Amino acid sequence: MPLAETHEIHKRRMGRNIGTALCLIGFCAVVFGLTIAKVREGSMLEAHDHQPRASQLPITEEVSQ
Amino acid sequence: MSDFTAQSVTETRTGTPEAGFGDYFALLKPRVMSLVVFTALVGLLVAPGGVSPMIGFTAILFIALGAGASGALNMWYDADIDAVMKRTAKRPVPAGKVPAGEALTLGLWLSAISVVMLGLATNWVAAGLLAFTIFFYAVIYSMWLKRSTPWNIVIGGAAGSFPPMIGWAAVTGDVSLASVLMFGLIFMWTPPHFWALALFMKGDYHKAEVPMLTVTHGRAETRKQILIYTALLVPVAIGLAFTSVGGPVYLATAVVLNAIFLKGAWDIWRREEAEAEADGYKVEKKVFKFSLLYLFLHFGALLIDAIWRLI
């Protein structure tokens, strides 16, 4: 019997490893797709970064002299 | 160490052969997940507003994964009674393919991932409802109600009723009358569906000492309760037609299906046990099969009305 003969347990491990790898790849693809969809929607693009920004300042009407 | 030694060490240490990927997938109860996917999808599609296809896909994926996680937690906790019942003895944990601790770990991790991802993809109302559903199924139903009361099916049925409500909340971020009635439709449908099954699946629950209504209150009482719950289901199912998600297709479908279901429940109630045993529970089996179609067609009709409104 050759030493490198594949046992049934190797097949099961291989199946498990491939399945886990596909799940991880799928998860990455979903997160990537979700990010693209969120960016296209334009939501949460301008988070607060602790720096004053013109778009965050309240609108004040100029007082006419 | 050779691989053969590695295998024998693994199997001696755990007392079980190494599990394949399919065994872990089976922990997620794929058949239950398919019903969850369908009802959540309808809840999501009939909700006003709509979401982008990618966000909708992600929402359904993680609602299904959350349902799978609660299935894994259920299999971890119920391994002892699953081993006794013929219907569940081949599940991965009682069959010795997956150690109970791994089912628990998988269930907890998938619960966390599904809730967080649903929250990030849609909103935290939907994520909160999903978290509550997992908690309800794993803790309230599996750990508490299932072994302590014959009304386990009635209250525990709430866990399976949440998916359309979560799908709806994923789009709207709220809970409305329409989503509550979609919840109510599955909630009221669950008892007659399962009790019809319990009438012809004799012995299994009794052997596992699970207090099913057929065992604690007798078969005649179970027949009466099937009729009562079916009668209570009718106004909920028809009432849904008069909300924002209802329409002519749904109303016509609901009227016909509820009349047939009510007739079936009436026939079950009128039958004597000896008569049922003589014909191999023909009526009970017919009503059980019809109940599956009943739910599928109700949600299918909601979908048709939603498409109708778009045209």
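Cut-offs used in this document
- Residues numbered from 1 in each chain as written.
- Chains lettered and ligands numbered in written order.
- Predicted model: local features only at pLDDT ≥ 70, side-chain atom pairs only at ≥ 80, totals over all residues.
- Heavy atoms only, no water.
- Contact = heavy atoms within 4.5 Å.
- Buried area = accessible area lost by both parts, 1.4 Å probe.
- Salt bridge = Lys/Arg side-chain N within 4 Å of Asp/Glu carboxyl O.
- Polar contact = N/O pair within 3.5 Å; in protein donor to acceptor, adjacent residues only side chain to side chain.
- Helix = DSSP H or I, 4+ residues; strand = E, 2+ residues; numbered from the N terminus.
- Buried < 20%, exposed > 50% of the residue type's maximum accessible area, 1.4 Å probe, protein only.
- Core = buried A, V, L, I, M, F, W, Y, C linked by side-chain atoms within 4.5 Å.
- Axes fitted to C-alpha atoms, helices over the stretch in contact; angles between N-to-C directions.
- Parallel < 35°, antiparallel > 145°, perpendicular 65-115°, else oblique.
- Left-handed = near helix turned anticlockwise from the far one by under 90°.
- Nonpolar A, V, L, I, M, F, W, Y, C, P; charged D, E, K, R; others polar.

**Focus: the interface of chain B and chain A**
Residue-level contacts link 24 residues of chain B with 19 residues of chain A. Buried area between chain B and chain A, both sides added, is near 1,800 Å², and the carbon and sulfur share of it is 68%. At the boundary of chain B with chain A, the tally comes to zero salt bridges. Our count for the contact surface shared by chain B and chain A stands at two residue pairs in polar contact (both at pLDDT 80 or more).

**Examining the pattern of salt bridges**
Residues and elements named next belong to chain B. A complete count under the given rule lists 12 salt bridges over all chains for this structure. Residues Lys224 and Glu221 are paired through a salt bridge, measuring 3.7 Å at the closest nitrogen-oxygen approach. With a gap of three residues between them, Lys224 and Glu221 both fall in helix α12 (residues 219–239), about one helical turn apart. A relative accessible area of 22% places Glu221 in the partly exposed class. Shared partners join several salt bridges into a network, and the residues in it are Arg219, Arg223, Arg271, Glu273, Asp279 and Glu284.

**What about the nonpolar core?**
Ranked by size, the top nonpolar core spans 105 residues in total, and within it Leu185, Tyr250, Tyr294, Phe299 and Leu302 of chain B carry the most contacts. In this structure Leu302 of chain B touches Val42, Val46, Met182, Leu240, Val245 and Tyr250 of chain B, once residues within four positions along its chain are discounted.

**What about the packing of helix α9 (residues 177–200) of chain B against α12 of chain B?**
Residue and element names in this part refer to chain B. Where α9 meets α12, the axes come as close as 9 Å, and the angle between the chain directions of the two elements is 155°. Accordingly, the angle class assigned to the pair α9 and α12 is roughly antiparallel. Handedness of the α9/α12 crossing: left-handed. Side by side, α9 and α12 meet where Leu181, Gly184, Leu185, Met188, Trp189, Pro191, Pro192, Trp195, Ala196, Ala198, Leu199 and Phe200 of the first sit next to Arg219, Thr222, Arg223, Gln225, Ile226, Tyr229, Thr230, Leu232, Leu233, Val236, Ala237 and Gly239 of the second. Tallied by class, residues from the contact of α9 with α12 come to 17 nonpolar, five polar and two charged.

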